[in-house]
Amino acid sequence: METTGKMMEIIQNAIEYFALFLSATMLIQVTNKALLIFQQSQYRFASLKKSLKFHFLNPNFFWPPCIFFYFYLHFWYIQLIFGVYLAFLLFWNLRKKPILKLKYTARIKRLYFVLIVLYTLLGSFLAWKFPLPHLSSGMILLLFLAPFVVYFGAFLLQPLECLILAHYLRKARRKLEKVAPVVIGITGSYGKTGTKNILNAFLRDEYNVLASPASYNTPAGLALTINRDLRSGHEVMIAEMGATHRKDIEKLVKFLRPKHGIVTAVGPQHLETFKSVEAIVREKMKLIESLPEDGVAVINKDSDPIRNYPLRRTGRTVTIGIATKADYRATDVKAGKEGSSFKINYAGKEVSVRTSLLGKHNIYNILAAFALGRELGIPEKEMIVKIEALEPVEHRLNPRCEGDLLILDDSFNSNPEGFKGALEVLSQFEKPRILITPGVVEGGKEERRINRNLAKKIASTCDFVFLVKTKASLAIKKGLDELGYHSVRVVEDFRKAMKTIKEEHSDAVVLIENDITDIYKI
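The following refers to the structure shown. These figures come from a predicted structure and were not determined experimentally.

### Some thoughts on the pattern of salt bridges
Applying the stated criterion across every chain, the model contains 28 salt bridges. E250 is the salt-bridge partner of K254, the closest N and O atoms lying 3.6 Å from each other. Of the two residues, K254 and E250 are both situated in helix α9 (residues 248-256); the distance of 4 residues between them amounts to about one turn of the helix. For K254, a relative accessible area of 57% translates into the label exposed.

Next up, the structure:
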């Protein structure tokens, strides 16, 4: 009898530790999810709303049973049921992989340390002040409070993060002043990376050039680039300058002090934060208006918001365009699935060029880089040769093969004009033509209208459509339904769409238009 009692005690203790271990594992999982949302929102505290929505309304974290468990966890058999329930939730969530994984940056590591301290203090306080039915009951409370703890921890760390950023910015500013490269800023709603890469190709034989890598277009990213990569021999720095909020370009201009600048185009992007296209163009044009008198500005005259903007600048400003008369204008444009050919008209001259880059947007990118290159004295013939040798930018309408599938990867594009241009490229290929898209996100109040307006072009171009489920893609579906287009499926993620296409349409041409991070599915 005594042996049976001891055995039962051992089993109950094992069940208790089992429940505690799974509670702690679940706490790590929900904490990581809150951190992922915070990180993907560029560490903006406004993302707490999305984090709470995901935490409490997501069926993957089905909390109601936990209310029952909280009160009855002093019973060992309830602990067992609780442990099994948590094991099921953990297994279910592990099957649903995030689009982007949490990056354990130095900032996240610092925040993790603070969270460990906060969870320990909060758990101890709850156990001390409240008559908890069981230790695991305290873990349930921590699970419920996890998003609040994460954002509170980030709030406590914010002064330190500001000091760290200020230190790196000062260090980068001193290095910029010491090396003194000519800084060229490039901004716009789209076309920044493509234009930067093309301009870099044009300048690098004449100058020692540092171009900001990938999409490092924030103060932190550009400071990292300068501190890590800028050398004494660099003569030119090409800096991509992004803006998701007001004053973003203003801050970058004060930090980098560019001499020359390009604004590629302005469209309805980041309307969630900017609220209007007028606010976007005002912010983007701060780059042009900040340039010194001896600097050169290049702007896209075909972009309505830029053309209608009352520019306050007396220095050299040149325009590019295709549809409108401009200082550097592309004419006789012939675009196909092998690339484009066109003529550049400028200063009374006409030069013929050919490129393997797909899409009309790349013609604008080439025009902008060509215009600034000529203004800086780069020989015309050198640039023509380099235009023919240009390679597509990864994830920006670059073609690649996966077996018999031809993939047109435009997953880093997220604007309506680029979307239409990519569909135009797709239309030049043989059937079947398939689109995978989550729609155009960050459209604010205009998002539904923007996406519904894309439906007609999609219906006339695509044989099949796979919509990655978001509010934006559901607006596209509504537009397709109104047109009587039914070859459409709504899927949870890109992976499921690709799996189905490989099984059912193995010889298709697939356009991947825009990609999203996890926050756009909340």
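### Quick notes on the sheet that holds strand β3 (residues 236-240)
An order of β2-β3-β1-β4-β5-β6-β7-β8-β9 is seen for the 9 strands of this open sheet, with the pairing classed as mixed. Edge positions in the sheet fall to β2 (209-211) and β9 (349-355), since each has one partner strand and no second. Between one strand axis and the next, the sheet turns through 15 degrees on average, direction left out of account. As defined by bridge partners, strand β1 (residues 182-187) adjoins strand β4 (residues 260-263) across 4 bridges and the pair is classed as parallel. Across the sheet, residue I186 finds its bridge partner in β4, namely I262.

### Here we look at the packing of aromatic side chains
The geometry of an aromatic ring pair comes down to the distance between the two centres and the angle between the two planes. Here the structure, examined in full by the defined rule, presents 8 aromatic pairs. Considering the side-chain rings of F38 and Y151, the 5.1 Å spacing of their centres and the 65 degrees angle between planes classify their relative orientation as edge-to-face. In this pair, F38 sits in helix α1 (residues 2-40) while Y151 sits in helix α6 (residues 135-179), placing the two residues 113 residues apart along the sequence. The residues F38 and Y151 share a single accessibility class, namely buried. Where F88 meets W92, the ring centres are 6.3 Å apart and the plane angle is 20 degrees; that geometry is what we call stacked. Separated by 4 residues within a single helix, F88 and W92 lie in helix α4 (residues 76-95), roughly one turn from each other. By relative accessible area, F88 is classed as partly exposed at 49%. Linked through ring pairs, F38, Y43, F45 and Y151 together constitute an aromatic cluster.

### Concerning the sheet that holds strand β10 (residues 398-402)
Spatial ordering of the open sheet is given by β10-β11-β15-β12-β13-β14, a layout of 6 strands whose pairing is mixed. With partners counted over all chains shown, the strands left at the sheet margins are β10 and β14 (488-491), one partner each. Within this sheet the neighbouring strands show an average axis-to-axis angle of 20 degrees, counted without direction. For strand β12 (residues 433-437) and strand β15 (residues 509-513), the ladder comprises 4 bridges, and the chain directions are parallel. Residue pairing in the sheet places I434 in a bridge with V510 of β15. Its contacts with the sheet put helix α16 (residues 416-426) on β11 (405-410), β12 and β15, and the angle it makes with β15 is roughly 175 degrees. Helix-sheet contacts for helix α18 (residues 471-482) involve β12, β13 (464-468) and β14, and the interaxial angle to β13 is about 145 degrees.

### Re helix α14 (residues 360-375)
In this model α14 runs 23 Å from its N-terminal to its C-terminal C-alpha over 16 residues, within 8% of the 22 Å that 1.5 Å per residue would give. Most of α14 is tucked away, with 12 of its 16 residues classed as buried. Within α14 the residues assigned to the buried category are N362, I363, Y364, N365, I366, L367, A368, A369, F370, A371, L372 and G373. G377 lies just past α14 and shows a positive phi near 90 degrees.

### Regarding the environment of N308
Here N308 shows up in the loop between α13 (304-307) and β6 (316-321). In this structure N308 comes out as exposed when scored by relative accessible area, which is 59%.

### Considerations on the side chain of H260
You can see H260 is positioned in strand β4. The buried category is assigned to H260, whose relative accessible area is 5%. With residues up to four places along the chain from it excluded, the contact list for H260 reads V182, V183, I184, G185, L291, D294, G295, V296, L372 and L376.

### Quick notes on helix α2 (residues 48-57)
For α2, the complete set of buried residues consists of S51, F54 and H55. Down the axis of α2, the buried set is contained in an arc of 95 degrees. They therefore lie on one face. Within α2, the exposed residues directed more than 90 degrees away from the buried face are K49 and L57.

### Focus: a positive patch on the surface
Together, K49, K53, R448, K471 and K478 make up a positively charged patch on the protein surface. At the level of elements, α2 and α18 are the ones that each hand at least two residues to the positive patch. Tracing the backbone through its elements, the reader meets K471 in helix α18. The class of K471 is exposed, set by a relative accessible area of 62%.

### What about unusual backbone geometry?
Positive phi outside glycine occurs at Y43, with the angle close to 60 degrees. You can see Y43 is positioned in the loop between α1 and α2. A positive phi is found at D332, a non-glycine position, where the angle reads about 50 degrees. Tracing the backbone shows D332 in strand β7 (residues 328-336).

The rules behind the values
- Residues numbered from 1 in each chain as written.
- Predicted model: local features only at pLDDT ≥ 70, side-chain atom pairs only at ≥ 80, totals over all residues.
- Heavy atoms only, no water.
- Salt bridge = Lys/Arg side-chain N within 4 Å of Asp/Glu carboxyl O.
- Helix = DSSP H or I, 4+ residues; strand = E, 2+ residues; numbered from the N terminus.
- Buried < 20%, exposed > 50% of the residue type's maximum accessible area, 1.4 Å probe, protein only.
- Pairing = 2+ DSSP bridges.
- Axes fitted to C-alpha atoms, helices over the stretch in contact; angles between N-to-C directions.
- Phe/Tyr/Trp six-rings, centres within 6.5 Å; stacked < 30°, edge-to-face > 60°.
- Contact = heavy atoms within 4.5 Å.
- Expected span 1.5 Å × (residues − 1).
- Arc of directions from axis to C-beta.
- Patch = residues over 30% accessible without salt bridge, like charges linked within 9 Å, V, L, I, M, F, W, Y side chains within 5 Å.
- Areas by Shrake-Rupley, 256 points an atom, 1.4 Å probe, with all protein chains shown as cover.
- Lys, Arg positive; Asp, Glu negative; His and termini not counted.
- Charge placed at Lys NZ, Arg CZ, Asp CG, Glu CD.

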